[in-house]
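Here are the chains, one letter per residue:
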Amino acid sequence: MSLPGYLSARFPRTRACFQEVPGGDDILAHVLDLEARFGRRDHVAIAPSPDGPFSRPPDFDVALAGGGLSLIYAAALARQGFRVAVFDRRRIGCGHREWNISRDELFPLWQSGLFTRDEVDRLIKMQYRVGLCRWHGGGTYPVAGVLDCVVDAEALLSGLRQRALSAGATLLDHHGLEGYRVGPSGVTLTLRETTAGERPGDPVKLTARLLLDGMGASSPHARFDLSCPTVGGIMSGLHRGKDPLDLDPEVGEILVTTEGIEQNRQHIWEGFPAPPRPNDDQGRDPATADRMTIYLFHYCEPRHLGQHPLLDLYERFFTTLPRYKRGALSLDKATYGFIPAYTRLQPMPVSPAPRVLLVGDAASRHSPLTFCGFGSMIRSFWPISQGIAACLRGDRLTRRALAGIFVEPPALRVMGGLTLMMSPRGSVGGDPGAINRLLDAAFATLAELGEGVYASFIRDEIGYSDFVCFMRGSARRYPAIYREAFRRLSIREILIWAGRLAALAMRPRKEHKALTGKVLAKGPPVPRSSP
């Protein structure tokens, strides 16, 4: 499927760049499909009343909707002896994002037994020396040990697919969820084939004791008060050097702005050094690569997204990319998607019914600062998998039991409100520099508090005393910061946030650290960005 003519005229740079990418038309078709499905609640029919008991036992213990990173649950549960089925509208284990994480946070991958320590090390394609945040009109603030490992997304997803299959899981590629009905003994699901270019197949019925909704922002149950459309890709041909417009393979750029509020949005860049192309690996040092994974995103209330939020953002990406990086830039691989940006100032999404559990982005379990569910998923999948296994073994699949599987760390519940600092929501006087001043004051304070506090803040691990120091320091640097920040909130939201802060004060910091637990033991050396 090619981009319709009227869209080609509206997004000419996007169309031209994707024509140079293998399978570019198919990628654009997927982008259009994501846009059409995002935020809709009617693409899955949910029966209003339960069926009677099944005449025979359910086909599976667990049915997982969504075969992206949520595939990690299928692999973990199938290895524990549960009958698992996975289905996805696309090929299961096929991703359209790239991932960065710190080395220690990968501990659950081998703690769970899914991978060995050596295999986890081999998933790390390269590692840069230091990351930074830089704000337009403000300063540059470096930090080490945050999002500094480039993960081989294809190898991770392929490995999870193989481990799920080896453990006996049933994988249904190109099957979308049409509807489901919850009964007293299980869930009845209706699927339909979605193979591109073919007439939709006949409905497929299957039953399971538990439905895991891992459909992300496309889930009919996803609830979020802000959305974070994200586009970009692996770009090659960057000019190498130490200037901010150049690629420095020793530096990752965690958050960068190159302008103030434009089009009523604060656009933010993110860029990480990328290893050479696979066919260039022989005899080449990753430090000689001219590639970078670059993202552009912004926060927006869903009702203000417009008809084509991803294509609009891609057109801006290709138009304004020279503000961020220079060189003979070309797109090697596209990365894109919607992240449900949840401030945690509204009730958290919960299991919509007995025997239905939300995981990943469908549960809004993402990081409020790194704008991605990858780190949150890796940190939490193993305790959540163990909780699911316990509920299945005890046949405790009520909404209350499922909701108790995972309690979000207090730091996340406090820091979720900081996403509003990235959004022009309620900006006063149309000041284009307002958000950059807020962020510059916040990150200057973090840098002043030291790398340990700074890194824990980015990793959503900060404790109460450090957070209070951060708040005080930010106010000292920019006295109007909280007046401007709280002006964006209702009285109810302010009270909720204050309650979250009190909860952080009463609960130990180590609760979140328990999710990562230990430092990865040293394995074989991995490619680094410098000799």
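Fair warning: this is a prediction, and the values are worked out from it, not measured in the lab.

### Considerations on the pattern of salt bridges
Two side chains that carry opposite charge are able to pair once their charged atoms sit near each other. Taken as a whole and assessed by the stated rule, the structure comprises 30 salt bridges. Between R316 and E259 there is a salt bridge, with its nearest N and O atoms 3.8 Å apart. With R316 in helix α8 (residues 309–324) and E259 in the loop between β14 (251–256) and β15 (268–274), this pair connects stretches of sequence that are 57 residues apart. With respect to class, R316 is no different from E259; both count as buried. Residues R476 and E448 are paired through a salt bridge, measuring 3.3 Å at the closest nitrogen-oxygen approach. You can see R476 sitting in helix α14 (residues 464–477) and its partner E448 sitting in helix α12 (residues 434–449), a full 28 residues away along the chain. Given a relative accessible area of 56%, R476 falls into the exposed group.

### Some words on the confidence of the model for the protein chain
Put simply, the protein chain has an average pLDDT of 85, and 87% of its residues get 70 or more. Scored below 50 in pLDDT, residues 509–531 makes 61 contacts in the model with residues more than four places away or belonging to other chains.

### Details of the side chain of H30
As for its placement among the helices and strands, H30 is situated in helix α3 (residues 24–37). Excluding its chain neighbours within four sequence positions, the residues that come into contact with H30 are R90, H96 and Y336.

### Comments concerning the sheet that holds strand β5 (residues 124–127)
Hydrogen bonds along the backbone pair up the strands of a sheet, which may run parallel or antiparallel. Within the open sheet, the three strands sit side by side as β4-β8-β5. Their pairing is antiparallel. The strands lining the two open edges of the sheet, one partner per strand, are β4 (99–101) and β5. Strand-to-strand, the axes of this sheet are offset by a mean angle of 30 degrees, without reference to chain direction. Sheet topology note: the β4/strand β8 (residues 149–151) ladder contains three bridges and is antiparallel. Note on β8: the bridge partner recorded for W99 is V151. Against the sheet, helix α9 (residues 374–393) contacts β4 and β8, and its axis sits at roughly 60 degrees relative to β4.

### A short note on the side chain of D246
Assignment of secondary structure puts D246 in the loop between β13 (226–238) and β14. The exposure class of D246 is buried, given its relative accessible area of 5%. Residues contacting D246, with those up to four places away along its chain left out, are H239, R240, G241, K325 and R326.

### What to know about the pairing of strand β6 (residues 130–134)
On a regular strand, each side chain points to the face opposite its neighbour's, so the side chains alternate between the two faces of the sheet. Within β6, five of the five residues are buried, which leaves it mostly tucked inside the rest of the structure. Judged by which residues are buried, β6 turns out to be covered on both faces: V130, L132 and R134 on one side and G131 and C133 on the other are all buried. Pairing of β6 with β14, which is carried by five bridges, proceeds in the parallel orientation. What sits directly across from V130, in β14, is V251. Between β6 and strand β7 (residues 140–143), which pair antiparallel one after the other, the connecting turn spans five residues, and G137 there sits at a positive phi close to 80 degrees.

### A closer look at the sheet that holds strand β16 (residues 291–297)
Read from one edge to the other, the open sheet built from seven strands follows the order β7-β6-β14-β15-β16-β13-β17, with strand pairing classed as mixed. The open sheet has two free edges, formed respectively by β7 and β17 (327–341), since each of these has just one partner strand. Averaged over neighbouring strand pairs, the angle between their axes works out to 20 degrees when direction is ignored. One ladder, built from seven bridges, connects β15 with β16; its direction is antiparallel. Looking at the pairing, E270 lines up with Y295 of β16. Seen against the sheet, α8 touches β13, β14, β15, β16 and β17 and runs at an angle of roughly 45 degrees to β13.

What counts as what
- Residues numbered from 1 in each chain as written.
- Predicted model: local features only at pLDDT ≥ 70, side-chain atom pairs only at ≥ 80, totals over all residues.
- Heavy atoms only, no water.
- Salt bridge = Lys/Arg side-chain N within 4 Å of Asp/Glu carboxyl O.
- Helix = DSSP H or I, 4+ residues; strand = E, 2+ residues; numbered from the N terminus.
- Buried < 20%, exposed > 50% of the residue type's maximum accessible area, 1.4 Å probe, protein only.
- pLDDT = per-residue confidence, 0-100.
- Contact = heavy atoms within 4.5 Å.
- Pairing = 2+ DSSP bridges.
- Axes fitted to C-alpha atoms, helices over the stretch in contact; angles between N-to-C directions.

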